[in-house]
Amino acid sequence: MKGVTLLTACTLDALVGEPRRAHPVRGMGGGLMLARAWNGRTALGPSGRLLAGTAVVAGGASVSWWLGRVLAGKPPSALPDRSRPASRSRGVRTLAEVRAAAALSLVVSLRELLAAARRVRTALECYDLDGARSTLARDLVSRDTTTLTEGEIVGATVESLAENLNDAFVAPLFWAVAAGPGAAYAYRFINTADAVLGYRTPELEHFGRAAAWSDDVLGWVPARLTAAALAGAAPAVGGSSVGALRAVRRCAGATPSPNGGWPMAAAAGALDVRLEKRDAYVLHPQGKAPSAAHLRAAERLVLVAGGVVVAALGGTLAWLGRHA
């Protein structure tokens, strides 16, 4: 993959956003919901559910990898050009770059993430607490939001912004750079599988174990890259890089996920805001109480951090291209 493909994919996401129909990640989610429904009906024991869940993850990731490769087409570097005029060869390669970028843009989502946070913030600024709760539940989190206070709504939104910066933007780009568009699609399937199946409930304890474990493994490096990007972006929005790094060191392990705490703690420290999930964890406990003003800063922080990641990955690709 070339840096121009990466940049074009991110530009397409910024300008166009997610298609309303035929979105691959929504298709992945729909298929996984069917698998979850099947698991609720089956009479299999723990071992059978573990095997079935592993098969769902392995099969779905393989199909997603194939889909990503088909949509992206052949890499431009693999296209023959000796039999074509130079101008036509350049045109073919340009079209191939655009195709690969368009395919990659379907599995990165920064524009919609920021739009979802903006909808929550708009509801809060209009003093529509119930609207903010329902928007938060519909667009960003899976927890029960019906009794959340304004501060808890803000905190949950900041957490979701930070965590989904990794899950929906940084990690797909990282895997695309590491192994091509197919890997980005496979990652998004596994991450979606974790969101649908990866719960420690009696029903999903065994069926969702492979999804949760796979997501933990594939998200390990991107989550730490995301935390570093949030720390690096902090001064651009009036935040503190030192505060972000301190919060990561002290609080990143406070969450049940080995990865989710890294970007969330970095955002909390960068913005000097206390983030708490009831009966679960507290991040940056000495920070200020969350308010709607923190949401505006969090949106800017995530946007700048996304740019930092694109620049870092693009620079890596350029360096590799020069030394190939």
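Preceding this paragraph is the structure being described.
Residues numbered from 1 in each chain as written. Predicted model: local features only at pLDDT ≥ 70, side-chain atom pairs only at ≥ 80, totals over all residues. Heavy atoms only, no water.

**Things to note about a nonpolar patch on the surface**
No. 1: A cluster of nonpolar residues, Val63, Trp66 and Val70, forms a patch on the protein surface that exposes about 310 Å² of accessible area.
No. 2: With respect to the secondary-structure elements, valine 63 resides in helix H3 (residues 46-72).
No. 3: Using a relative accessible area of 53% as the deciding quantity, one classes valine 63 as exposed. (Patch = residues over 30% accessible without salt bridge, like charges linked within 9 Å, V, L, I, M, F, W, Y side chains within 5 Å. Areas by Shrake-Rupley, 256 points an atom, 1.4 Å probe, with all protein chains shown as cover. Salt bridge = Lys/Arg side-chain N within 4 Å of Asp/Glu carboxyl O. Helix = DSSP H or I, 4+ residues; strand = E, 2+ residues; numbered from the N terminus. Buried < 20%, exposed > 50% of the residue type's maximum accessible area, 1.4 Å probe, protein only.)

**Side note on the nonpolar core**
No. 1: Core analysis: the largest hydrophobic core is formed by 86 residues, its most contacted members being Phe169, Leu173 and Leu301.
No. 2: If near-sequence neighbours (up to four positions away) are discounted, phenylalanine 169 is found in contact with Cys10, Val108, Ser109, Leu110, Asn164, Gly306 and Val310. (Core = buried A, V, L, I, M, F, W, Y, C linked by side-chain atoms within 4.5 Å. Contact = heavy atoms within 4.5 Å.)

**Considerations on the packing of helix H7 (residues 150-179) against helix H12 (residues 261-271)**
No. 1: Running from N to C, H7 and H12 cross one another at 125 degrees; their axes reach a closest spacing of 8 Å. Considering the angle they form, H7 stands oblique to H12. Handedness of the H7/H12 crossing: right-handed. Seen from H7, the contacting residues are Val158, Glu159, Ala162 and Glu163; seen from H12, they are Pro263, Met264, Ala267 and Leu271.
No. 2: Considered class by class, the residues forming the contact of H7 with H12 number six nonpolar, no polar and two charged. (Axes fitted to C-alpha atoms, helices over the stretch in contact; angles between N-to-C directions. Parallel < 35°, antiparallel > 145°, perpendicular 65-115°, else oblique. Left-handed = near helix turned anticlockwise from the far one by under 90°. Nonpolar A, V, L, I, M, F, W, Y, C, P; charged D, E, K, R; others polar.)

**A short note on the side chain of threonine 226**
No. 1: Topologically, threonine 226 is positioned in helix H10 (residues 220-233).
No. 2: Excluding residues within four positions of it along the chain, threonine 226 makes contact with Ala162, Leu165, Asn166, Val170 and Pro263.

**Some details on the pattern of salt bridges**
No. 1: Taken as a whole, this structure holds 13 salt bridges when the rule is applied.
No. 2: The salt bridge involving arginine 119 is made with aspartate 139; its shortest N-O contact spans 3.1 Å. Taken together, the residues span a long stretch of sequence, with arginine 119 in helix H5 (residues 111-125) and aspartate 139 in helix H6 (residues 129-139) at a distance of 20 residues.
No. 3: Of the residues examined, arginine 119 reaches a relative accessible area of 32% and is grouped as partly exposed.
No. 4: Given the relative accessible area of 27%, aspartate 139 is considered partly exposed.
No. 5: Put simply, arginine 296 and glutamate 125 hold a salt bridge, and the shortest N to O gap is 3.3 Å. One end of the pair, arginine 296, is in helix H13 (residues 292-322); the other, glutamate 125, is in helix H5, and 171 residues separate them in sequence.
No. 6: By relative accessible area, arginine 296 is classed as partly exposed at 41%.
No. 7: Several salt bridges converge on common partners, so that one network encompasses Glu112, Arg119, Arg138 and Asp139.

**Quick notes on the packing of H10 against H13**
No. 1: H13 packs onto H10 with a crossing angle of 115 degrees between their chain directions and a minimal axis gap of 8 Å. Every pair of crossing elements has a handedness; the one defined by H10 and H13 is right-handed. Residues Leu225, Ala229, Leu230 and Ala233 of H10 pack against Leu301, Val304, Ala305, Val308, Val309 and Leu313 of H13.
No. 2: Per-class residue counts for the contact of H10 with H13 are ten nonpolar, no polar and no charged.

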